[in-house]
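Summary of the model geometry
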Amino acid sequence: MARGIASYRILPETISLDTIGNAYFARIQHLEPLQLRRLHVITSEFHLPRTIAIFRWICALPPCPEPFYLTFEAVPNVGIADTALSARRDREQSSLAQVQALQTRLTSLAAVHRWLYTEHGAYAIAQSPQRLRDAALGTY
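Think of each chain on its own: its residues are numbered from 1, step by step along the sequence as written. With pLDDT at 70 or above as the cut-off, local features in this predicted model cover only qualifying residues; side-chain atom pairs require 80 or more to be listed or tallied, and sums for whole chains, interfaces and linings still use all residues. Remark: hydrogens and water are excluded; side-chain values derive from all non-hydrogen atoms of the structure.

Spanning 13 residues, helix α2 (residues 48–60) covers 18 Å between terminal C-alpha atoms, matching the ideal 18 Å at 1.5 Å per step. Within α2, burial applies to Leu48, Arg50, Thr51, Ala53, Ile54, Phe55, Trp57, Ile58 and Cys59. Working rule for contacts: check all heavy atoms of both residues, and any pair within 4.5 Å makes them a contact. Here a helix means four or more residues in a row that DSSP labels H or I, a strand means two or more in a row labelled E, and each is numbered from the N terminus. The elements touched by buried residues of α2 are α1 (19–31), β1 (38–44), β2 (69–75), α3 (82–105) and α4 (109–118). Here, expected helix span is obtained from the residue count minus one, scaled by 1.5 Å. In this scheme, a residue with accessible area under 20% of its type's maximum is buried, one over 50% is exposed, and one in between is partly exposed, where area comes from a 1.4 Å probe on protein chains only.

We now examine the pairing of β1. By definition, two strands form a pair when at least two bridges between them are found by DSSP. Here β1 runs beside β2; their pairing, made up of seven bridges, is parallel. Residue pairing across strands places Leu39 opposite Leu70, the latter belonging to β2. If you view a crossover with the strands going away from you and the path from the first strand over the helix to the second runs clockwise, you call it right-handed. The parallel pair β1 and β2, bridged by α2, forms a crossover whose chirality is right-handed.

The geometry of an aromatic ring pair is captured by two quantities: the separation of the ring centres and the angle between the planes. Each aromatic pair joins two rings of Phe, Tyr and Trp (for Trp, the six-membered one) with centres within 6.5 Å, and gets the label stacked for planes under 30 degrees apart, edge-to-face for over 60, and tilted for any other angle. Scanning the entire structure with this criterion turns up three aromatic pairs. Arranged with centres 5.1 Å apart and planes meeting at 80°, the rings of Tyr24 and Phe25 form a pair that is edge-to-face. Across the pair, exposure class does not vary: Tyr24 and Phe25 are buried alike. Centre to centre, the rings of Tyr117 and Tyr123 are 6.2 Å apart; their planes meet at 65°, and the pair counts as edge-to-face. With a relative accessible area of 37%, Tyr117 lands in the partly exposed category.

Right, let's get into a nonpolar patch on the surface. Side chains of Met1, Ile5 and Ile10 sit close together on the surface and give an oily, nonpolar patch of about 310 Å² of accessible area. Residue position: Ile5 is located in the segment before α1. With relative accessibility at 45%, the residue Ile5 sits in the partly exposed group. Like-charged residues are merged into a patch within 9 Å and nonpolar side chains (Val, Leu, Ile, Met, Phe, Trp, Tyr) within 5 Å, provided each residue has over 30% relative accessible area and no salt bridge. The protein chains shown are the only cover counted for residues, whose accessible areas, like all others here, come from Shrake-Rupley with a 1.4 Å probe. Just to be clear on terms, a salt bridge is a Lys or Arg side-chain nitrogen sitting within 4 Å of an Asp or Glu carboxyl oxygen.

The next thing to look at is the packing of α1 against α4. For helices, the axis comes from a line fit to the C-alpha atoms of the stretch in contact; other axes are also lines fit to C-alpha atoms, and the angle between any two N-to-C directions lies between 0 and 180 degrees. The geometry of α1 relative to α4 is characterised by a closest axis approach of 12 Å and an angle of 130° between their N-to-C directions. What the angle tells us is that α1 and α4 run oblique. The crossing of α1 and α4 is left-handed. Contact residues: α1 offers Ile20, Tyr24, Phe25, Arg27 and Ile28, while α4 offers Leu109, Val112, His113, Trp115, Leu116 and Tyr117. Residue composition of the contact of α1 with α4, grouped by class: nine nonpolar, one polar and one charged. An angle counts as roughly parallel when it lies under 35 degrees, as roughly antiparallel when it exceeds 145, as roughly perpendicular when it falls between 65 and 115, and as oblique in every other case. Handedness of each helix crossing follows the sense of rotation of the near helix against the far helix: counterclockwise by less than a right angle gives left-handed, clockwise gives right-handed. Only Asp, Glu, Lys and Arg are considered charged in this grouping, and only Ala, Val, Leu, Ile, Met, Phe, Trp, Tyr, Cys and Pro are considered nonpolar; every other residue, Gly among them, is considered polar.

Turning our attention to the pattern of salt bridges. Here the structure, examined in full by the defined rule, presents four salt bridges. The salt bridge involving Glu32 is made with Arg27; its shortest N-O contact spans 2.5 Å. Assessed through its relative accessible area of 0%, Arg27 is described here as buried. For Glu119, the salt bridge is made with Arg105, and the minimal N-O distance between the two is 2.8 Å. Here the residue Glu119 occupies a position in the segment after α4, and Arg105 occupies one in helix α3, the gap between them amounting to 14 residues. Note on Arg105: relative accessible area 46%, which makes it partly exposed. A single network of salt bridges, built from pairs that share partners, joins Arg50, Arg88 and Glu92.

With that settled, consider the nonpolar core. The nonpolar side chains of a soluble globular protein tend to be buried with one another. Nonpolar cores are built from buried Ala, Val, Leu, Ile, Met, Phe, Trp, Tyr and Cys residues. Side-chain atoms within 4.5 Å join them into one set. Counting residues in each nonpolar core, the largest one holds 27 residues, and the members touching the most others are Ile20, Phe55, Trp57, Ile58 and Val112. Secondary structure elements with two or more residues in this core: α1, β1, α2, β2, α3 and α4. Apart from residues lying up to four places away in sequence, Val112 is in contact with Tyr24, Trp57, Ile58, Leu61 and Leu106.

Okay, here's the thing in C-alpha cells:
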C-alpha cells in the first residue's frame, strides 16, 4: 500500500501451512472465485526457486480454462544467521526435488486436493505433524 497499491487489490492467503498449500489456497480462495488471471507472489530470496516451481505447477493444473499470469518478487535474506540460511537453502533444494516428483504424480487440482488431505504431513488428519529440528527452523 505504501507503494500505491490499493488495499482491495492485496489479497493475502492466510490459511495455508506450507508453500504447496499457499499456492493451492491462493488459487481456490482468490483467483478462481474472483476470476483473477494475474498474481504477484512475494517471498524470501532463499525460497524463491521452490515458490516459482510450486505456483507455476498448481496454477497450471486442470481444470484451468484460461492461463494465469504469474510474477514473482524476492525479498532479501536479511536478519537470518549464516548457519540457519545455509541449512534453509539445503532444505529448499531437497524440497524442490520432492516437488518435482509430486508434479509428475499429481496432475489435476483434484489430485492435489486428495493428496493434501490424505498424505501431506501438515493437512492430513491421519498424519503426524512434521517437526523441524535443524538450524532451518529459525527461518520460519
